[in-house]
Amino acid sequence: MQTKLDVQDLNAWFYQKQALKNVNVKIPEKMVTAVIGPSGCGKSTFIRCINRMHELVPGAKVSGKVLLDGADIYGTMDPMDVRRKVGMVFQKPNPFPNMSVADNVVAGLKLLGTYKKQELSELSDANLKSVGLWEEVKDDLKKSGASLSGGQQQRLCIARALAMNPEVILMDEPSSALDPASTAKIEELVKKLKNETTVIIITHNVQQAARISDMTAFFYLGELIEFDQTANIFESPKNQLTERYITGRFG
Amino acid sequence: MKARKSHFFKLQDSLFKYFLIACSLIVVGLFVAIFLMLFETSLPSIYQNGWSFLTGLVWDPNNNIFGALPAIAGTLISAAVATLVAIPLSIGIAIFFTEYAPARSKLVLSLFIDLLAAIPSVIYGIWGLWIIAPLIKTNVEQPIIGAIGFIPLFSGPAYGLSIFLAIVILTIMVIPIITAITIELLSKTPVPLKEGMISLGATKSETIRHLGLPFARLGIVAAVILGLGRALGETMAVTMVIGNSYYWPFSGYSIFAPATTITSKIAGAVGEAGGLEFSALLEMALILMVISLAVNFISRSLIKRTSKRGFG
Ligand SMILES: Nc1ncnc2c1ncn2[C@@H]1O[C@H](COP(=O)(O)OP(=O)(O)OP(=O)(O)O)[C@@H](O)[C@H]1O
Ligand SMILES: [Mg+2]
């Protein structure tokens, strides 16, 4: 297993409150890593440290290293560059309502200013196809991104992140706001994505973690309690907390 | 008990409704009354001067010749230019404030902006007259006239009190209005969308350009109209700094020449005016009212048209 992300002694704070405590983990390349744990345990904070989004929150502080292919994203790398390499999909679909469906997909590429109009439109189509949205929206490409259904919006946001051709894609409970059918589509998509990229996905649903992930990280009160292959975590967890959590005996 | 209570509330409800209706009627009634008063008092001037009131350049009470065009032009030009100049400055300040100013300085900054908006206009007038006018005369007007005075727009002599100074003062008065509203609007950019933009590698300024400003656009249009309204109707400060010379821009195009506006002409002349001149001054006021209403109407239809697309 090739390591994509090497997280070393990662600590994160909101003002005085420490949200992550000494997290050390090696995320493998081209696999799906699920992040699970009770509410408030630091899952979102953890992935937001990986694309330097954590520091945008007032009072936020980070220490430690996050090596992306060996290079520390908190070192000399430009945060904008980090975010282009490490894409993100949020809990609530957040397409840009002031842009059309097609423009939403290439919103990040447009910022680069290196693509021609024709190329952008082709990339937009291609990424809509790869998230399985093309057939549903091909007649509505000019409509606002906010005019789609919730599930479609979330796939649009995935297409938007994928269009950047990211090396890692972070997903914060991407299906928690969606109906079962849309959730199934997202899960299919996640499984497919690992052929191209490294996926880290937060989920509150342990069955979902079991279904779609190769590796699972269990967090509790800001600490990484256990990190292992998903099969091991679910069949023979080493830590009692992990076992209690996956068997649903606490939050 | 219960029935009585609800009956009581019903009575209170309908009383409140009548109270509101009465209030709205008073507002409408006041507006109509003012309009009719202006119109009625203007009638002698309207009869006497006819359309030449709108095109005439001469204001000569001794010979009963009244043309309002220089004042109308002065009003429109000074207000429009001041507002146009204020737009980029205000938006720039607002962007700096929301995205770049250190959190601790924000409170002081916003206090200052609010204070600037609340300063009585006579104070702007005194400040413009005593401090800015001499400063501008020696440091702006004279050097520019010296360098490019051959261009009619910048030709001399430098008076200090001028349409240019009036525009500068009006710009300073309008900026806090547009800035305060724009700050309010920019700070309301939905955080999830902002984060979405930033997660794609957008810089702060790209996030503002592609998200903050498009979201605020409608509100900024409204703020600009509000500012324009203030500039159109501003009297005291303009009267004090514009130099009150009646023929600009028909006496020459220089922005450094003294000029007049509807409000400053009325303020300056209404005290001693009698007979037809008084009526003519009120006709000018009527024209100002029509201009303000038109600005209001245009802005409303503009806002309606842009908001039809479902998004500002
Ligand atoms: N903006 C913030 N300001 C202050 N504290 C915060 C902020 N966001 C999160 N926290 C705190 O940091 C801790 C970790 O939060 P985080 O959002 O990472 O949890 P989570 O595991 O993602 O929870 P959930 O499953 O509910 O999304 C929590 O105790 C939370 O109260
Ligand atoms: Mg979370």
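The model shown is predicted, which means the values in this text are computed figures rather than measured ones.

What am I meant to see in the overall build of chain A here?
Assigned secondary structure in chain A consists of 11 helices and 10 strands. Based on the C-alpha atoms only, the size of chain A along its principal axes is roughly 55 × 40 × 35 Å. Within chain A, the proportion of its 251 residues that are buried is 47%. Taking as baseline every contact in chain A between residues at least 6 positions apart, the subset at least 24 positions apart corresponds to 67%.

When you look at the sheet that holds strand S7 (residues 168-172) of chain A in this model, what are you seeing that I'm missing?
The strands that make up a sheet are held in pairs by hydrogen bonds between backbone atoms, and each pair lies either parallel or antiparallel. Residues and elements named next belong to chain A. Read across the sheet, six strands follow the order S6-S7-S8-S3-S9-S10 without closing on themselves; strand pairing throughout is mixed. Looking along the sheet, the strands with just one partner apiece sit at the ends: strand S6 (86-89) and strand S10 (223-229). On average, each strand axis in the sheet is inclined to that of its neighbour by 20 degrees, with strand direction left out of account. As judged from the four bridges shared by S6 and S7, these two strands associate in the parallel manner. Within S7, the position partnered with Val 86 by the bridge is Val 168.

What exactly am I supposed to notice about the site of ligand 1 here?
Residue and element names in this part refer to chain A. Every residue near ligand 1 is listed here: Phe 14, Lys 17, Ala 19, Gly 37, Ser 39, Gly 40, Cys 41, Gly 42, Lys 43, Ser 44, Thr 45 and Val 57. Sorting the residues of the shell around ligand 1 by element identifies strand S2 (17-28) and helix H1 (43-50) as the ones contributing at least two each. If you tally residues by element for the shell around ligand 1, the top one is H1, at three residues. Class assignment for the residues of the shell around ligand 1 results in four nonpolar, six polar and two charged.

Looking at this structure, how should I read the confidence of the model for chain B?
Any segment with low pLDDT has predicted coordinates that should not be analysed in fine detail. Residues and elements named next belong to chain B. Mean pLDDT over chain B stands at 90; residues scoring 70 or higher make up 96%. Here helix H1 (residues 2-49) stands out as the element of chain B with the lowest mean pLDDT, 87, in contrast to helix H7 (residues 191-199), whose mean of 96 is the highest. Taken together, the chains of this predicted complex give a pTM of 0.83 and an interface ipTM of 0.93.

Rules used in this analysis
- Residues numbered from 1 in each chain as written.
- Chains lettered and ligands numbered in written order.
- Predicted model: local features only at pLDDT ≥ 70, side-chain atom pairs only at ≥ 80, totals over all residues.
- Helix = DSSP H or I, 4+ residues; strand = E, 2+ residues; numbered from the N terminus.
- Buried ≥ 20, exposed ≤ 12 C-beta atoms within 10 Å, placed from the backbone.
- Contact = placed C-beta atoms within 7 Å.
- Pairing = 2+ DSSP bridges.
- Axes fitted to C-alpha atoms, helices over the stretch in contact; angles between N-to-C directions.
- Near = placed C-beta within 6 Å.
- Nonpolar A, V, L, I, M, F, W, Y, C, P; charged D, E, K, R; others polar.
- pLDDT = per-residue confidence, 0-100.

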